[in-house]
Amino acid sequence: MSMTAAGPHRPVSAVVSGTTLRFVSLVMAIIGTGTFAFSVVYTRLPGNAGLSMMTYARCNELRRPGQLGLTLDPAAIEAAERDSLRASRCLEAMELAQTAWIMAGLALLLAVAFGLYLAAPWWTRRRAGLVPITADGFPRLHAALNELVTDSGLRRPPRFVLAPHAAVRGGLAFGRAGRYWVRVNAGLVPLRVTDPAAFRAVVLHELAHLRNRDVDIAYATMALWRAFVAVALLPMAVAIVQPRILTDPLSAPWVNPDYPRDLLNTGSRTVLFVLIVYLVRNSVLRTRELLADARAAEHGAADGLRAVMAAAAARRTSPSWLRRFGVHPAVAARLRAIDHPLTTLRPGFAEMFGAGMTTMLAAGSLTLVGGLGLPHDGTPAGRYIAWLLAPVVVGVLAMAAWRAEALSPRASVLPAALGFSLGCLLGDLASVLNLGGMWGVFGGPVGRGRMALAGSVEVGNLSLTAGLVGATAFTIGIVLVAAACAAGARAWPPGGYGRWAWLAGAAATVTPFAVWFGIWLELRPAPFLIGRFYHLTAADFTTLGERLWQGPGFALFSAVYPPLQLFAARPLVVPAFVVACLYPLAALLPRRVAVRPADAGAEPVNGPPAPEPGPPGRRGVRSAVLTGLAGAGAFVVLTLVLRAVLHQAAYDAPGIVSYHSYAQLALAIAVQAVVGGVLAARQRRGLMLGQVAALTCAAAVIVGEQGASVLGRCVPPLRLREGTCNAGIDLAYADFLLDAVVVQGVLGALAVGVLVLLLKRAAAVFPGLVPARPRVRSAILTATTAVLVAVGVAAGSTLTAMTDTPAAVAVPAPTRSGAAVARVLTQAEVQRVADAARPVLPRHWRTLPESTSSGTAVLDDPEHCTALVDEEYLTGRDGPEPVVAHGRWTDGDKITTSSIKVTVRSYPQPVPSAMFTAAENAQQACRRFTYTTGEGMQLHYTVSAVSPPALGDQAWRVDLAMTAESSGMSFQGALVIVLIRIGHTLVQVTYDAFSEPVDEELLRKVLDSAAGAVP
């Protein structure tokens, strides 16, 4: 592709170059690796390792490891958070000292790098004995060089100096901000006469470095690398190889049994981090050479550069694969940049992969420093770090989008976004945070026992399925941000809008992404939250005191994805979304810009500057607004049809209004997604216009919904339940609906728009597979989009069903019908009875560790309720102690939770029926009571008698309904206790349900299996 084959493009100067991007990546990599290096050195200082171990051991005693377990009891959660905060404050003094050490090390590294950067020009001039090239001393050479300065478009000429002892036919641009020099080697000077094209090519190449503003970047890169090696790498290497260098340097470190493992762990990470820094450093230096070649070729030096490249290729002997990672690019790459300069703008997969990896290395290190140094008030450090890194991430994606648009209107930013996402995920795995065993989205020890998905693939303590879901969620977020940036880039016309346009777009997009990034950083080690979807059921509403008509599709309407819910609930998200969606409309503002010939590569333009063509204009915006209004009209019609159908199918059914509200919200989001897909398919700037249409549709949907509600209350065939005609406006529901449709609807429109564009691009790649007729092609595109969206929705529903729907289980053991053995059971037999319930439980249920509650509980009515609460009917028997075994399980991967405990006691004598009489008397004496936990939370219980199951020789059952309040929120629960007497054996099953109803079918299976397992 030639430079002008695709029509007018933005000038290269209006887009961030690959050199700048790679330099940012280098800074990120050095921050991440430097933090790791200084933390390693800190632990090797005399006394620090022992002090850290003692402090962590002492402070961790304040925590209650494992006590919280899988319970969602508000009192237990508050107690665990309180203890965690105490432990965090206990560590504050030690961690602040470590933070100060790390920050001092980074400051020293940057200070040394800054000093080397300032000294580099002086050292270059002094080492080579450079001589100034002046008009008096070298009149012809000076004139030729100044002529080339004019041709290059530099506003301010550099100072030319001669290297009298350099025989190589080359040059060097060096200096620092405000003072630049170009060194001309003595071997190059004769070429001005013998080979003017080669002379012109070499000099224009060096001047192109100044024109590209990469001289400062190059010398800052080398200064950072040298400072990193001297200040961070060498001390860390010594500390790793000889940990006792400061206390006993002559001792053999390998006598310590932990030395090999520590050397392998820390050493492997060091090698990986240093290799990343080294490769990124080389990529900075390599990319600037390609861009300089492209710039010089734009100014007529292409032929000379080709000749120079051919001569250089003949002299090179190093392998081609090695040159791919060196400081100078391969000859083939340089020739490609010379022949097709605009291809240097292409945001490559590898470039963005490196940017993503270094970004997450820096994120891990900054999170570590933030966790150590920020106030220990319980706020996750990732929430602060997200606001520091979000501008970098969005800036990188915006840069990729604008460079792709400058390259060609058909250039895709998707490979760059996928490369960046993959780099971030792998960088997260390699991050310094993983020293403690956390493995990013794959979970870790903190997530033990909490699976993201039932039946997920596990390796050791890690959930690969949860990792896949979390990685997919992150990738979708990155792709949507890149798509939003691409929409903004496409909205602006080609021309000299400068760097402010893409910076403004990045600033408009950064707030929503910072919120999303912060949520992802907080949740990525929690696979049970980031790894699966949830949905409401009629049982959930029952626990809240409501009844729900669970009509068709309600599980889909009420689907909940925790990260998205947290995202929508954060402040500033809705206004930030509006700003990000409306930013591209700023391109419609009238603007008159003159294009400099040096930028555009064209001849000078005489006369006043002309307005730039290309923005979507009023016609495109009018089309988007009308499409959004049409979508809102369709929503109103469909809402009225839904009301009419529900009036016929479930009039005045309990909970019908709640069902209608959820269905209405899902309908609004679906309409916005369709609007976004239609505009993406029909308009060149469809992504941007789709967001405008989605916002228009959201605003109109609120008005239309209120009107439809008034009609529904006043028109009898549209009523959902009995009531009077009321024309009032429900502002609370309108506000709720607005938040939902702005966030979820705009995201849906953007996602479907991206999907449509990808399908159109796939159709362009395989034109023979798509019919030529436009209507048939549009029909196929629409059908394919609908099918893929349906597949995505079905996948989300499947993820929900994998846990919410009990999996197929083994047939329970039959209930014992014969006579029990007249003896006490052995310990193995008792344990086998206790474990008999496990096969009938759904696959996602996990073993529940034994609770170790602390504090003293208080009962408000001990006289009447102590016997029931303390289970005194099970004690007081004379004779030997029974053989006892327990089994405990929970479905703790859910927001609402249940647990089942089976306790089996086998006595030397038959279990007397008097025990059941005592239990019945205890139940009748206590009708209600309040139980105050050791943490001060009050649990209110109501006792009721329920018919026992027909099992064993005798059975008894009692149900306790629980209510509680904490932090202004109310909670409900249920406790069921069942006793079964079978000869010498007593089986006790306790079913504890929190914020969900008791599954009577599952309880009966557990009872049957336990009773049937008694010999």
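Above this text is the structure in question.
Residues numbered from 1 in each chain as written. Predicted model: local features only at pLDDT ≥ 70, side-chain atom pairs only at ≥ 80, totals over all residues. Heavy atoms only, no water.

A closer look at the overall build of the protein chain
Stage number 1. Of regular secondary structure, the protein chain possesses 31 helices and 17 strands.
Stage number 2. Out of the 1015 residues in the protein chain, the part that is buried amounts to 49%.
Stage number 3. Nonlocal contacts in the protein chain, meaning residues at least 24 apart in sequence, comprise 77% of its contacts between residues at least 6 apart.
Stage number 4. Put simply, the protein chain shows about 45,900 Å² of open surface, and 63% of that area lies on carbon and sulfur atoms. (Helix = DSSP H or I, 4+ residues; strand = E, 2+ residues; numbered from the N terminus. Buried < 20%, exposed > 50% of the residue type's maximum accessible area, 1.4 Å probe, protein only. Contact = heavy atoms within 4.5 Å. Areas by Shrake-Rupley, 256 points an atom, 1.4 Å probe, with all protein chains shown as cover.)

Brief notes about the state of the cysteines
By definition, a disulfide links the sulfur atoms of two cysteines through a covalent bond.
Stage number 1. Taken as a whole and assessed by the stated rule, the structure comprises 1 disulfide.
Stage number 2. A disulfide bridge connects C865 with C926, and the sulfur atoms are separated by 2.0 Å. Taking the torsion about the sulfur-sulfur bond, which here is approximately 95°, the covalent link between C865 and C926 counts as right-handed. One end of the pair, C865, is in helix α29 (residues 862-869); the other, C926, is in the loop between α30 (914-925) and β13 (928-932), with 61 residues separating them in the sequence. Residue C865 shares its accessibility class with C926, and that shared class is buried. (Disulfide = S-S within 2.5 Å.)

Some thoughts on a nonpolar patch on the surface
Stage number 1. Taken together, the side chains of L275, Y278, L279 and F325 make up a nonpolar region of the molecular surface, amounting to roughly 350 Å² of accessible area.
Stage number 2. Among the secondary structure elements, Y278 is positioned in helix α8 (residues 259-298).
Stage number 3. Since its relative accessible area comes to 35%, Y278 is described here as partly exposed. (Patch = residues over 30% accessible without salt bridge, like charges linked within 9 Å, V, L, I, M, F, W, Y side chains within 5 Å. Salt bridge = Lys/Arg side-chain N within 4 Å of Asp/Glu carboxyl O.)

Quick notes on the packing of helix α21 (residues 573-582) against helix α25 (residues 686-714)
Stage number 1. The contact between α21 and α25 brings their axes to 9 Å, and the two run at 140°. The angle between the axes of α21 and α25 places the two elements in the oblique class. In this structure, the crossing between α21 and α25 has a hand that is left-handed. Residue-level inspection shows V578, A580, C581 and L582 of α21 in contact with α25, the latter providing Q691, V692 and L695.
Stage number 2. Classifying every residue of the contact of α21 with α25 gives 6 nonpolar, 1 polar and no charged. (Axes fitted to C-alpha atoms, helices over the stretch in contact; angles between N-to-C directions. Parallel < 35°, antiparallel > 145°, perpendicular 65-115°, else oblique. Left-handed = near helix turned anticlockwise from the far one by under 90°. Nonpolar A, V, L, I, M, F, W, Y, C, P; charged D, E, K, R; others polar.)

Looking at the packing of aromatic side chains
Stage number 1. This structure, assessed with the given rule, holds 12 aromatic pairs.
Stage number 2. On the numbers, 5.0 Å between centres and 20° between planes, the contact of F929 with Y941 is stacked. With F929 in strand β13 and Y941 in strand β14 (residues 938-945), this residue pair connects regions lying 12 residues apart in the sequence. Y941 carries the same exposure label as F929, and that label is buried.
Stage number 3. The ring centre of W181 lies 4.5 Å from the NZ or CZ of R125, which sits over that ring.
Stage number 4. Lying across the ring of W225, R281 places its NZ or CZ 5.2 Å from the centre. (Phe/Tyr/Trp six-rings, centres within 6.5 Å; stacked < 30°, edge-to-face > 60°. Lys NZ or Arg CZ within 6 Å of the ring centre and 35° of its normal.)

Focus: the sheet that holds strand β3 (residues 171-176)
Stage number 1. The strand order across the open sheet formed by 4 strands is β1-β2-β4-β3, and the pairing between neighbours is mixed. The open sheet has two edge strands, β1 (131-132) and β3, and neither has a second partner.
Stage number 2. As paired strands, strand β2 (residues 159-163) and strand β4 (residues 179-185) are joined by 5 bridges and run parallel to one another. Residue pairing in the sheet places A163 in a bridge with N185 of β4. (Pairing = 2+ DSSP bridges.)

A closer look at the pairing of β3
Stage number 1. Here β3 runs beside β4; their pairing, made up of 6 bridges, is antiparallel. Residue L172 lies in a different strand from β4, and its bridge partner there is R183.
Stage number 2. Counting the residues in the hairpin turn of β3 and β4 gives 2 residues, including G178, whose phi is positive at 95°.

The analysis is restricted to geometry; functional conclusions fall outside its scope.
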